[in-house]
Every structure is written in structure tokens, then in C-alpha cells.
Amino acid sequence: MKIVFLDTDTMGYDISMDPISSLGDYVSYGMSSREEAMERLGDCEVLIVNKVRVDKALMDAAPYLRLVCVAATGVNNIDMDYAAKKGILVRNSVNYSTESVAQITLMQILALTGHHRYFDDYVKNGDYSKCGTFSNVSVPFFELRGKVLGIIGLGNIGRRVAQFADLFGMKVIYFSASGNPHSDRYECVSLERLLMESDIVSIHAPLTAKTDNLVGEEQLRMMKKGAYLINMGRGGIVNEEALAVAIDEGVIAGAAVDVFVTEPLPSDHPYLKVKNRDRLVLSPHVAWASREARTLLVDIIAENIRNYVSEKNTGV
């Protein structure tokens, strides 16, 4: 059984691929351009991709392809309809990054609300040494206790973030893009109410037709002037130009963003032109990628392949 992984660079180099490579004739490539991907499939039966687009042309170039394993939860890069038409199974990877994303979300909330960048710079640039007093209370921060956390997307990650918020004594409300409530513990509210009431809005939803451009200029202006926006879901959920303007105009207090419409971030992106840089914390789509999460991801992919082989052998 030929197994081809087209973009292993996305996994890093500190994680063993042995659980996958031991299952067949395994070939991996760090990254693959469109042309390279078309050429590298050959007699591939199992294809593993993270961000490589698997469309009609790519599937047609792989006559022996029977299984596509996505090294991620989202399957936006897969033509699911055509895969089903060709009888090609598609298996994504779920629940591997819950702890990692929730942890980074908490880190960003604390960094933003506690003005971590400002205070760190204040000491390191020598201002603290010159100030003549033992402290600096000129940039006040608030405690999380009693504040409202509004979560957009109360899936596994959203629920874990809510549990962290509970420990800080926050009130949690959430919005379900699907319209279906997901919790008896937390109140499900409209998007408008969530935006207006929340001190912190944290996004953990997938990118779908219902969430695409969900938060634009109109929605940002519904938020409290002192509120923060955290986007750990997908870049397309938030209008990036509108968010950059909202930060510079003081419509909201600030934002932390880990995901972008185009990745890596273009050099002329609106976020890179924000004047109030202390109010915007950016990270390179890394919230999912703790060492533990990536190790678990490899194990999940391997399990998906084993299940495929078992089903094939039993004629299921």
C-alpha cells in the first residue's frame, strides 16, 4: 500500500512519523506545488495532506487513490462531492488540538487584557529604571472575574475555553452559527446580544457558508469600546480590513488573531499597517501546534489508515 504525504513541513520536524510510515510504502515531501503534487501521486492508495488542495484534477491524476487523510479538522481544501462520486474516502482529524488551542486562547486573553507587551517594553527599554517610583499604573487593566466571555462556536475547543473562563469567575455566553444549542451549562444567545454584552469575544467556529465574514464593520461596532476580540477559528470569519480599522479607531480595545484569510500573511496585509500595534497581537497560525497536539495528530492519521485497511480486508 503506497502512502504519500504531500506537505510534511506543516507538521514540524520534532514529531515522529513512524506510526504512519510503518503502515505501508511511505513517501513524504516537505511541500508540494500544484505541479509537483500532480506528479507525486503515481500509484498512491492513501494520500495525506494538510493544506494541499485536493480537487477533481488531483484525484483524477491518482487512479489508485482510495483514501485521503487530512492532517487537520477542516476539509475546506477537499472536493468532498467529487471524492464521494469517485468512491474515495476522506477522513479528517478531530479533537487533537483542543488543549493546545484553548491554552493559546487563554494566553492571548491574558496578554491583551493585562497589557503584557506594554509593560514588558516599559521595563526593557529603560523607562522603568528612570521613572522614580516602584510601579506603573498609568495603563490600567481589569480582572477577568465577573466579566463576560462570549464564545462563537461552542465545540470541543470552545467548551474547553469556557471551562478555563469558569476558573476565573467569568460569565460565559455563546452563539451557535448552526442555530442548534450545544450546552445546558451556558446560555445560547443571538450574535448581536453576544457582541453587545461581552467583554471578550472568542471565536472557535469552523469556516462555513454561515460563518464566512460573520464579523464585519457592523458587528464590530456592536461591541463594547473596551472589549477584545480573539480569533482562533478561521481568518475568513472576521473581515480583516474592518478589524484593522476598528483597532486604530478605538472601536474596540484590541484583538488577538492566529488565523488569516491568506496564509502566510501577505506583506501588505491590513494587520501589518495597524498604527496601534500594542492593541493587536498576532501569531502565525500556531495555536493548534503544541508538541502533544501534533503527536496526537499523527496517531489519529495512523488510526484512520488502519481503519481503512481493516474495512477493506473485511469487505465493509
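Before reading on, note that the structure itself is shown above.
Residues numbered from 1 in each chain as written. Predicted model: local features only at pLDDT ≥ 70, side-chain atom pairs only at ≥ 80, totals over all residues. Heavy atoms only, no water.

## Details of helix H11 (residues 240-248)
- Turning to H11, its buried residues are Glu-240, Ala-242, Leu-243, Ala-244, Ala-246 and Ile-247.
- With a side-chain oxygen lying 3.2 Å from the backbone nitrogen of Glu-241, the N-terminal cap of H11 falls on Asn-239.
- Once H11 ends, the next one or two residues include Gly-250, with phi positive near 75°. (Buried < 20%, exposed > 50% of the residue type's maximum accessible area, 1.4 Å probe, protein only. Helix = DSSP H or I, 4+ residues; strand = E, 2+ residues; numbered from the N terminus. Polar contact = N/O pair within 3.5 Å; in protein donor to acceptor, adjacent residues only side chain to side chain.)

## Thoughts on the sheet that holds strand E1 (residues 2-5)
- The strand order E2-E1-E3-E4-E5 describes an open sheet built from five strands, whose pairing is parallel. The two strands at the open ends of the sheet, each matched to only one other strand, are strand E2 (25-28) and strand E5 (89-91). Going from strand to strand, the sheet's axes swing by 15° on average, the running direction of each strand aside.
- By the bridge criterion, four bridges tie E1 to E2 in an arrangement that is parallel. Across the sheet, Ile-3 pairs through a bridge with Tyr-26, a residue of E2.
- In the packing of helix H12 (residues 291-314) onto the sheet, the strands contacted are E1, strand E3 (46-49), strand E4 (67-70) and E5, and the crossing angle to E4 comes to about 160°. (Pairing = 2+ DSSP bridges. Axes fitted to C-alpha atoms, helices over the stretch in contact; angles between N-to-C directions. Contact = heavy atoms within 4.5 Å.)

## Topic: the pattern of salt bridges
- Tallied over the full model, the rule gives 18 salt bridges.
- A salt bridge links Lys-86 to Asp-60, with the shortest nitrogen-to-oxygen separation between them at 3.2 Å. Placement of the pair is Lys-86 in helix H4 (residues 80-86) and Asp-60 in helix H3 (residues 56-60), with a sequence separation of 26 residues.
- Look at Asp-60 and you get partly exposed, because its relative accessible area is 35%. (Salt bridge = Lys/Arg side-chain N within 4 Å of Asp/Glu carboxyl O.)

## Here's the deal with unusual backbone geometry
- The omega torsion of the bond from Glu-263 to Pro-264 falls at 0°, within 30 degrees of zero and hence cis.
- By the secondary structure assignment, Pro-264 is in the loop between strand E11 (254-257) and strand E12 (280-282).
- One non-glycine residue, Asn-95, lies in the positive phi region at around 65°.
- Looking at the secondary structure, you find Asn-95 in the loop between E5 and helix H5 (98-113).
- Under the relative-accessibility criterion, Asn-95 is labelled partly exposed at 46%.
- Positive phi values are uncommon outside glycine, yet His-285 reaches one of about 45°.
- Its location among the elements puts His-285 in the loop between E12 and H12.

No statement about biological role is implied by the geometric values presented.
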